[in-house]
Amino acid sequence: MKGREFLINLCKACNDGKSTAKLHSQILKTGFSHDSFLATKLTSLYSNFSSIEQVQKLFDEMPQRTVYLWNSILRAYSKHKQWKRTWVLFKNMISDEKGEENVPDNYTLSTVLKACAELQLLKHGEILHGFLWKHEKIRLDLFVGSALIEFYSKCGEMSDASKVFNEFEKPDVVLWTSMVSGYEQNGYFEKAISFFSRMVVEEGVDPDRVTLVSLVSACAKLMNHKLGRSVHGFVVRRGFESELSLVNALLNMYAKTGIVKVAENLFRMIEVKDVVTWSSMIGCYSRNGAAVESLNLFNEMINKGCRPNAVTVVSALQACAVACNLDEGRRIHELATKRGFELEVSVSTALIDMYMKCLSPDEAVNVFRKMPRKDVVAWVALLSGYALNGMAYKSIGIFKDMLCSGIQPDAVSMVKILASSSELGILHQAECLHGYVTGSGFNNNAFIGASLIELYSKCGSLDYAMKVFEGIINKDVVLWSAMIAGFGIHGRGEEALKLFHRMVKSSAARPNNVTFVSILSACSHAGLLLEGIEIFHMMVNDYGLHPGSEHYGIVVDLLGRTGELEKAMDIINRMPVPVEPHVWGALLAACRIHHNVEIGEVAAKNLLCLDSNHAGYYILLSNMYGVDGKWCNLAKIRTLIKEKGLKKMIGQSMIEIRNEVHSFVADDKLHPECEKIYELVGQLEITRIIIHSDMIGLISSSISNDIISLKLIHNPDIGLIGSSQTTL
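Quick notes on the rules
Every chain begins its residue count from 1, and numbering advances along the sequence as written. Two thresholds apply to this predicted model, a pLDDT of at least 70 for residue-level local features and 80 or more for giving and counting side-chain atom pairs, whereas whole-chain, interface and lining totals are computed over all residues. Hydrogens and water molecules were not included; the side-chain quantities draw on all heavy atoms of the structure. What pLDDT conveys is the predictor's confidence in a given residue, as a value from 0 to 100. Residues count as neighbours in contact if any of their non-hydrogen atoms are within 4.5 Å of one another. Each pair of aromatic rings taken from Phe, Tyr and Trp, with Trp reduced to its six-membered ring, is defined by centres within 6.5 Å and is described as stacked if the planes are under 30 degrees apart, edge-to-face if over 60, and tilted in the remaining cases. Helical segments are the DSSP runs of H or I of at least four residues, strand segments are the runs of E of at least two, and each set is numbered from the N terminus. A simple rule labels every residue: compare its accessible area, found with a 1.4 Å probe on the protein chains alone, to the largest value its type can have, and call it buried under 20%, exposed over 50%, or partly exposed in between. A ring is considered to have a charge above it if a Lys NZ or an Arg CZ atom is located within 6 Å of its centre and within 35 degrees of its normal. Nonpolar core, defined: a set of buried Ala, Val, Leu, Ile, Met, Phe, Trp, Tyr and Cys residues in which side-chain atoms within 4.5 Å join the residues together. Salt bridge, as applied in this entry: a Lys or Arg side-chain nitrogen positioned within 4 Å of an Asp or Glu carboxyl oxygen.

### Quick look at the confidence of the model for the protein
Thinking step 1. On average, residues of the protein score 81 in pLDDT, and 80% of them reach the 70 mark or higher.
Thinking step 2. Contacts for the low-pLDDT stretch residues 691-728, under 50 throughout, to residues beyond four places or in other chains number 63 contacts.

### Comments concerning the packing of aromatic side chains
For any pair of aromatic rings, the description rests on two quantities: the centre-to-centre distance and the angle between the ring planes.
Thinking step 1. On inspection of all chains with the given rule, the structure shows 17 aromatic pairs.
Thinking step 2. Aromatic side chains Phe165 and Trp176 sit 4.9 Å apart centroid to centroid with 75° between the ring planes, which places their arrangement in the edge-to-face category. Residue Phe165 is found in helix α11 (residues 158-166), and its partner Trp176 is found in helix α12 (residues 173-185); the two are separated by 11 residues along the sequence. Like Trp176, Phe165 is buried.
Thinking step 3. Here Phe267 and Trp278 contribute two aromatic rings whose centre-to-centre distance is 5.2 Å and whose plane-to-plane angle is 75°, an arrangement assigned as edge-to-face. With Phe267 in helix α17 (residues 260-269) and Trp278 in helix α18 (residues 275-287), the pair connects residues that are 11 residues apart, well separated along the chain.
Thinking step 4. Here Phe267 falls in the buried class, since its relative accessible area comes to 1%.
Thinking step 5. Among the aromatic residues, ring-to-ring pairing joins Phe165, Trp176, Tyr183, Tyr188 and Phe195 into one connected group.
Thinking step 6. Across the ring face of Phe195, the terminal group of Arg198 is positioned such that the distance to the ring centre comes to 5.1 Å.
Thinking step 7. We note Lys374 situated over the ring of Phe368; from NZ or CZ to the ring centre the distance is 5.1 Å.

### A word on the nonpolar core
Thinking step 1. Within the largest apolar cluster, 197 residues are counted, with the highest numbers of intra-cluster contacts made by Val347, Ile352, Met354, Phe399, Met414 and Leu587.
Thinking step 2. Residue contacts for Leu587: discarding those within four places in its chain leaves Val556, Leu565, Ala568, Met569, Ile572, Ile599 and Ala603.

### Regarding the pattern of salt bridges
Thinking step 1. Within the structure shown, the criterion is met by 20 salt bridges.
Thinking step 2. Arg209 is the partner of Glu243 in a salt bridge, and the nearest nitrogen-oxygen pair spans 3.5 Å. Here Glu243, found in the loop between α15 (225-237) and α16 (244-256), pairs with Arg209, found in helix α14 (residues 209-221); they are 34 residues apart in sequence, far enough to count as distant.
Thinking step 3. Relative accessible area serves as the criterion here: at 30%, Glu243 is assigned to the partly exposed category.
Thinking step 4. Glu470 is the salt-bridge partner of Lys475, the closest N and O atoms lying 3.9 Å from each other.
Thinking step 5. Residue classification places Lys475 among the buried positions, given a relative accessible area of 19%.

Following this line, the structure appears as structure tokens:
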């Protein structure tokens, strides 16, 4: 017996694989190889310090297997997240049952219920729950109760989880936490908060770190920063502010709710930071538009020797995309390749997005081609990127390739696909995509419906857009806003106003900030000054919404279009939010139209301080000087443009002939049929000058009867020109 006690003491001293192997050797030498207690200890040690194969080999060599030995190997496989093997071993345990000692106990069932939860084996878990009803002592074990709640929660059955919870007269903090976490994970964020309140206020149970992490996560997903800050205060009062996992959750909450300054202060207060802490703060900056700060922090992290993970790299790449920092993006790409992250789907997709937003589509395509596995998000990143780079005509081909590869878009992806197609404005393509949407069962999705409305509107078919709108029974604010915007971009302000008032009077949808952007823009395009001002006052006074820079920009544009430049200037001076470049740009454009050089120079001065590298603004100012005859000033501006190396974005046109899209720009010599194109343009110019029926007939007969769908894309200096269907 002394030898056995000595071996048991040796078990406590083992702290790595080598010492465990030596202990195993001693057990074999002393003849205790079939001792089930020592075998159980060895199983646990091998699970911690060696391979699962060694654990299985030891288990297979045991002639007699007690419930403790079974529990040990089940825990080993569970620890290694080999859930299928855990379930198979449990079935073997039941079939090998010999005597009462091998009946599953509370530890067995807790482990197996976790496997059922991970494998989503609802029926099997319910059978185990039925078994527990025959063994009340095990069923009312708090450990088993927590496992049951977690099982039902992960299977999405919160009503059953609640029933299990209610069976316990005095649930402990683990049971309460299981319920709070279950509600949070299943999207019942308000219930999670309510359950936490009941736990602390009514029952007086002290929450632990895990409870608070779930609570903070619920606040983040509700975008409720006020409640989140209250929870933060609770965390500090309870002395949990040094718990890193909880602090990381708070950082994530502040990031998602846009409270960057508080997140920054919290981050700097943390003395010991792990990779999650760094990643959370880098992501916080990146998600909230502070791209420079995000990249600076990423470099600080590297310099301090903290190794980034895939999540960190994705956040840094997103910052590169926001800042259009191609050089930094390439450097991070190189780092990702060295660390083996490049082939992870999330990192590859972030690389594609970064290269596309940095206007380097060839590098994005190279990343895409190297991906061993492409999911729907990667395909859509490529597709959207082409649209962003003025190559929307390639998007439909990418969509076809995606479908051929067996990848089916989800609702979010379908919205992006429709948005990319709207850049082309090809009606036939819109109809085909609409057919696909209908066949795929997306008809009742409000966001897809809104995207279809936008697509048809940009294709010049408001009738089809209206049919989609009226065909959706439950219209939410997204659909109403999309249809109002559709009327607005076609200059049909009166109809946009009618639809807006119909929404307000006869629907349950409440207009939001986006709705007011749409209706104000419609009023501006149609020159409806009084109606636009009335709508703006309605937004503030009747709906209590806070106008953003975009709303003020439209009001300035509205006043500017109608010549009310002094009032527009007054609006800008009284804006409670920072004046962004597009607001001054709207005023400058109005000053050019109405030849007001004095206010125009004020607008230009402020504008060029905010965005000094936008060629379009310099050109607006020079044109205004030209109209006013100030040639010296005009020459100075033109010289400044050359010195800065600024270039105006080129206006681009697209033509669809027999379902093939051709793209070209002014003085384009790269198109393979450019000679024929210029010959045709020359013929059309003759018809414009020589108004003679015979000549018109002659030229018309020399041109094929193709129906050409022509769309002139957005030119930043003159705005959206429009689209037309031309039969030649």
